[in-house]
Amino acid sequence: MPGSRIVSIAHHQPTRVLTNDDLAARVDTSDEWIRSRVGIATRHIAAADESVADMAIGAAAKAVARAGVDAADIDLVTVATCTAVDRMPSIAARVARQLEIPAAAVFDLNAACAGFSYALAGADLAVRGGSSRTALVIGADKMSDFLDWQDRSTCVIFGDGAGAAVVTAAEGGATGTVGPVVWGSQPQRGSAITLETTGPAGPPALFRQDGHVVYRWAMTSLAPVARRACERAGIEPSELAAVVTHQANLRIIEAVTRHLGATGAVVARDVVDSGNTSAASIPMALSKLVERGEVAGGAPVLLLGFGAGLSYAAQVVGCP
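What counts as what
- Residues numbered from 1 in each chain as written.
- Predicted model: local features only at pLDDT ≥ 70, side-chain atom pairs only at ≥ 80, totals over all residues.
- Heavy atoms only, no water.
- Axes fitted to C-alpha atoms, helices over the stretch in contact; angles between N-to-C directions.
- Helix = DSSP H or I, 4+ residues; strand = E, 2+ residues; numbered from the N terminus.
- Parallel < 35°, antiparallel > 145°, perpendicular 65-115°, else oblique.
- Left-handed = near helix turned anticlockwise from the far one by under 90°.
- Contact = heavy atoms within 4.5 Å.
- Nonpolar A, V, L, I, M, F, W, Y, C, P; charged D, E, K, R; others polar.
- Pairing = 2+ DSSP bridges.
- Buried < 20%, exposed > 50% of the residue type's maximum accessible area, 1.4 Å probe, protein only.
- Polar contact = N/O pair within 3.5 Å; in protein donor to acceptor, adjacent residues only side chain to side chain.
- Salt bridge = Lys/Arg side-chain N within 4 Å of Asp/Glu carboxyl O.

> Teacher, can you tell me more about the packing of helix 7 (residues 211–233) against helix 8 (residues 250–260) here?
The geometry of a pair of packed helices is captured by two quantities: the angle between their axes and the separation between those axes. Their axes nearest at 9 Å, the elements helix 7 and helix 8 cross at an angle of 40°. One finds that helix 7 runs oblique with respect to helix 8. Crossing handedness for the pair helix 7 and helix 8: right-handed. Contacts between helix 7 and helix 8 involve Y215, A218, M219, L222, A223, A226 and R227 from the first element and R251, I252, A255, V256, H259 and L260 from the second. Looking at the contact of helix 7 with helix 8 residue by residue, the classes come out as 10 nonpolar, one polar and two charged.

Next up, the structure:
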């Protein structure tokens, strides 16, 4: 049975940078308060006319160019997002149209901040099942459209951006392939993170979060998920070259990695410069590690997504 491999990774961020001091000028907060609680220094915010699709296209075009594949050979495009304002056609269909991908299967999925790991697992399963040979997997979110900019507990956390990967078939058993996914959820606690509307006449949908519930869940539940993903990939945590978790909170990232026992791993800390970019955060963080040459090609990397619905997904992949 064939496996799948990530052959390229890329990211796109808006040009506008919002600092903690910028936020302190509009809401009751400070650089020290934000850094001490979530570890964020800056985040990128999209312009009003820069859509989720625009960012997804920007990241996808770079990933396809780096992979050196022909657009006509891409047979699956999937976009993980929870902030698409336009419903039809899908963001994936818009990406395919702009990149002149002629006949791929296209769809969006919403697993919030775990979305990229879910989408990658779906692409891997499609390749293993023989229905795809070359897939384009994207995570893109514009959280700034849905923030209450007077709520200091949430508006300081998020940024906008997109990340994309090209996934191709690989020989079964080859090193560096996408490992088996460990995924699931705790939906009974899903009300801890919401982005809901009350109907056409109601107020606009805004992101809300019970930070204490989410923090406790993440600190107690995620390291075992990561450990199971390593077990399914046949690797010890100490053998990981890098750990790329969802970039939610620096304290969570460092605690999960420590509890996992990934003692020799490079740990992605893109949250400091980019904030929480939801489904974009994992591919963005991995892309930056690759661009800086911090992880060797083919080396084992743990990806760990988690978010709304208290959903989670983890897999070990070969670094592109």
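> Can you help me understand the sheet that holds strand 6 (residues 134–142) in this one?
Strands pair in a sheet through their backbones, by hydrogen bonds, and they do so in one of two ways: parallel or antiparallel. Reading across from one edge, 1-7-6-4-5 is the order of the five strands in this open sheet, with mixed pairing throughout. Both outer strands of the open sheet, strand 1 (3–12) and strand 5 (105–109), are each paired with one neighbouring strand and no more. Adjacent strand axes in the sheet meet at a mean angle of 15° when their direction is disregarded. In this structure, strand 1 lies alongside strand 7 (residues 160–170), joined through nine bridges in antiparallel fashion. When the bridges of strand 7 are listed, R5 appears paired with T168. Packing of helix 3 (residues 52–67) onto the sheet brings it into contact with strand 1, strand 6 and strand 7, and relative to strand 1 it is tilted by some 125°. On the sheet, helix 5 (residues 115–128) packs against strand 1, strand 4 (76–80), strand 5, strand 6 and strand 7 and is oriented at approximately 170° with respect to strand 6.

> Quick question: what am I supposed to make of the environment of T19 here?
With respect to the element layout, T19 can be found in strand 2 (residues 17–19). Residues T19 and I40, 21 residues apart in the sequence, show an inter-C-alpha distance of 9.0 Å.

> Please clarify how helix 8 should be interpreted in this entry.
Residues spaced three or four apart along an α-helix point in a common direction, a consequence of the helix completing one turn every 3.6 residues. Listing the buried residues of helix 8 in full gives L250, I252, I253, A255, V256, T257 and L260. Lining the buried residues of helix 8 we find helix 2 (31–38), helix 7, strand 11 (242–245), strand 12 (266–267), helix 9 (271–274) and strand 13 (300–307). At the N-terminal end of helix 8, a side-chain oxygen is found 2.8 Å from the backbone nitrogen of R251, two or three residues along, and the residue is N249. Of the residues one or two after helix 8, G261 is the one with positive phi, at around 85°.

> Looking at this structure, I do not really get the pattern of salt bridges. What am I missing?
Side chains bearing opposite charge may pair, as long as their charged atoms lie close to each other. Within the structure shown, the criterion is met by nine salt bridges. With its nearest N and O atoms 3.7 Å apart, the salt bridge here joins D151 to R208. Within this pair, whereas D151 is found in the loop between strand 6 and helix 6 (152–155), its partner R208 is found in strand 10 (residues 206–209), the two being separated by 57 residues in sequence. Classification of R208 by relative accessible area gives partly exposed; the value is 36%. We note a salt bridge from E294 to R292, for which the minimum N-O separation is 2.4 Å. Take E294: its relative accessible area is 36%, and that puts it in the partly exposed class. A relative accessible area of 52% places R292 in the exposed class.

> Hey, could you run me through the sheet that holds strand 8 (residues 182–185) in this one?
With respect to topology, five strands assemble into an open sheet ordered 8-14-13-11-12, the strand pairing being mixed. The open sheet has two free edges, formed respectively by strand 8 and strand 12, since each of these has just one partner strand. The sheet contact formed by strand 8 and strand 14 (residues 311–318) spans four bridges and is antiparallel. Residue S185 lies in a different strand from strand 14, and its bridge partner there is S311. Set on the sheet, helix 5 makes contact with strand 8, strand 13 and strand 14; between it and strand 14 the angle comes to about 55°. Lying over the sheet, helix 7 contacts strand 8, strand 13 and strand 14, oriented at roughly 35° with respect to strand 14.

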